[in-house]
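Secondary and tertiary structure notes
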Amino acid sequence: MTTLLPINSSMALPGDAGVPGAPALDTSGASTYTDINALAALKRDPNSPQAISAVAEQVEALFLQMMLKSMRDASAALETESNEMGMYQDMFDKQVALNLSQHQGLGLGSLLTRQLSAAAALPPGTPQEARPSAPANSNTGRAARPDASAPAATMLQTASEFVRQVLPTISRAAERLGVNPLGMLAQAALETGWGKRMARTAEGTPSLNMFGIKAGDSWDGARASANTVEFSGGLATQRHTVFRAYASIEDSVGDFANLLKGSPRYRDAVAAGGDAQAYVNSIGRSGYATDPEYGNKLNDILNGSTLRMALNASGVKL
């Protein structure tokens, strides 16, 4: 039985790492899978870099153990062994898996360390939808969102900053269209990951493409590229996609507004008027993206706590 490290404990104990004057957390005992006391000691400061690294190693070790066990089981039908031999092989496999995980292993440990470190850095009470994740990025057709594997094109750090910078421009465009700006804001948030995920130009600058519009043959402006995950016939495939790039947010929002106004495909979305819910539902049905969950994702943002908190924190008045 493998012991995994809990990472949810938030109670600080006397002598914990992270408490002023406390000694550094010792994770050396975690190199032996039978040393349960050493592993349990990591609960004292679950958000420390040492504890996070040890947790990631344990998770990767568990995965390696499963691989080794599968290989043992596959050959069991061809071999005859005693119960004692099986026990010793199991002990050997567990220690080998732990040693491998602590020396680069399969790369899962380093990936988990980055994810756990990012989560630990968030303030307490951060909504789940605002936490780092691997987004689906599956829209295609006229638009597609850059895949998480693409180089980051961070423009803003928080949802409230995104709202403060983007909503005034979106509000002006929405007023000209006669629609509720919150529907367009939710769509921009989805397409850009609240301003943190945009394709980059060849020079490395963010495209400022707030709505993920692709650069077709008719586009004669600047271009940016990124890997995307798109759906075709219900199947997701990864592609390298070229997007339009803009000199400003105003140019991007204006281009999107012209697209909505000029295409019969989005007639119902424009006709939604002041009903933001009807707008996102119409966009979801319009084929703007081939992601079958696109409309649901827009609804999640429109009705989610992240948008409400960002609107309150930004102080933007509609």
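Residues numbered from 1 in each chain as written. Predicted model: local features only at pLDDT ≥ 70, side-chain atom pairs only at ≥ 80, totals over all residues. Heavy atoms only, no water.

A tally of regular secondary structure across the chain gives 11 helices and 2 strands. Reading the chain from its N terminus to its C terminus gives the helix and strand order α-α-α-α-α-α-β-β-α-α-α-α-α. Of all 318 residues assigned to the chain, the portion counted as buried reaches 42%. Sequence separation of at least 24 residues holds for 69% of the intrachain contacts in the chain that already meet a minimum separation of 6. When the accessible area of the chain is evaluated, it comes to approximately 16800 Å², of which 55% is carbon and sulfur surface. (Helix = DSSP H or I, 4+ residues; strand = E, 2+ residues; numbered from the N terminus. Buried < 20%, exposed > 50% of the residue type's maximum accessible area, 1.4 Å probe, protein only. Contact = heavy atoms within 4.5 Å. Areas by Shrake-Rupley, 256 points an atom, 1.4 Å probe, with all protein chains shown as cover.)

Met184 and Phe211 are the most contacted members of the largest nonpolar core, which has 47 residues in total. Of all elements in the fold, only helix H5 (159-177), helix H6 (181-192), helix H7 (249-262), helix H9 (276-286), helix H10 (294-302) and helix H11 (305-314) reach the threshold of two or more residues within this core. Per element, the largest residue contribution to this core is 9 residues, and it comes from H5. Counting 5 residues, the second-largest nonpolar core is a separate cluster that includes Ala199, Ala224, Ala226 and Phe243. (Core = buried A, V, L, I, M, F, W, Y, C linked by side-chain atoms within 4.5 Å.)

Quick look at the pattern of salt bridges now. A complete count under the given rule lists 4 salt bridges for this structure. The residue Glu230 makes a salt bridge to Arg239 at a minimum N-O spacing of 3.2 Å. Look at Arg239 and you get partly exposed, because its relative accessible area is 38%. Connected through salt bridges with shared partners, the residues Lys214, Glu230 and Arg239 form a single ionic network. (Salt bridge = Lys/Arg side-chain N within 4 Å of Asp/Glu carboxyl O.)

When two helices pack together, their arrangement is given by the angle between the helix axes and by the axis-to-axis distance. Taken N-terminus to C-terminus, the directions of H5 and H6 make an angle of 130°; their axes are 8 Å apart at the nearest point. Between H5 and H6, the angle falls in the class oblique. Every pair of crossing elements has a handedness; the one defined by H5 and H6 is right-handed. Residues Phe162, Val163, Leu167, Ile170, Ser171, Ala173, Ala174 and Leu177 of H5 form the contact with H6, whose participating residues are Pro181, Met184, Leu185, Ala188, Ala189 and Thr192. (Axes fitted to C-alpha atoms, helices over the stretch in contact; angles between N-to-C directions. Parallel < 35°, antiparallel > 145°, perpendicular 65-115°, else oblique. Left-handed = near helix turned anticlockwise from the far one by under 90°.)

A word on the pairing of strand S1 (residues 223-232). Taken together, the 10 bridges between S1 and strand S2 (residues 235-244) define a ladder with antiparallel strand orientation. The residue of S2 that forms the bridge with Phe231 is Ala236. The turn linking S1 back onto S2 is made up of 2 residues, and Gly233 within it adopts a positive phi angle of 65°. (Pairing = 2+ DSSP bridges.)

Turning next to H10. The buried fraction of H10 is high, at 7 of 9 residues. Buried residues of H10: Tyr294, Gly295, Lys297, Leu298, Asn299, Ile301 and Leu302, and no others. Close packing links the buried residues of H10 with H6, H9 and H11.

The tally for this structure, following the rule as stated, stands at 6 aromatic pairs. Summarising the aromatic geometry, the rings of Phe211 and Phe256 are spaced 3.7 Å apart at their centres and angled 5° between planes, so their arrangement reads as stacked. Taken together, the residues span a long stretch of sequence, with Phe211 in the loop between H6 and S1 and Phe256 in helix H7 at a distance of 45 residues. Pair check on accessibility: Phe211 and Phe256 agree, each one buried. A ring pair is formed by Tyr266 and Tyr288, whose centres lie 5.8 Å apart and whose planes are at 65°; its orientation type is edge-to-face. A residue pair is termed long-range when its members are at least 10 positions apart, and Tyr266 in the loop between H7 and helix H8 (267-271) and Tyr288 in the loop between H9 and H10 qualify at 22 residues. Look at Tyr288 and you get buried, because its relative accessible area is 0%. Taken together through their ring pairs, the aromatic side chains of Phe211, Phe256, Tyr266, Tyr288 and Tyr294 make up a single cluster. (Phe/Tyr/Trp six-rings, centres within 6.5 Å; stacked < 30°, edge-to-face > 60°.)

All of the buried residues along H11 are Thr306, Leu307, Ala310, Leu311 and Ser314. Seen from one end, H11 has its buried residues packed into an arc of 130°, which puts them on one side. The exposed set on the far side of H11, more than 90 degrees from its buried face, consists of Asn312 and Ala313. Buried residues along H11 sit against H5, H6 and H10. Two residues or fewer past H11, Gly315 is found with a positive phi of approximately 75°. (Arc of directions from axis to C-beta.)

Bringing the side chain of Ser207 into the picture now. When you line up the elements, Ser207 lands in the loop between H6 and S1. Looking at Ser207, the relative accessible area reads 1%, which means it is buried.

When pLDDT is averaged along the chain, the result is 73; 51% of the residues meet or exceed 70. Contacts from residues 121-155, a stretch scored under 50 in pLDDT, to residues over four places away or in other chains number 114 contacts. (pLDDT = per-residue confidence, 0-100.)

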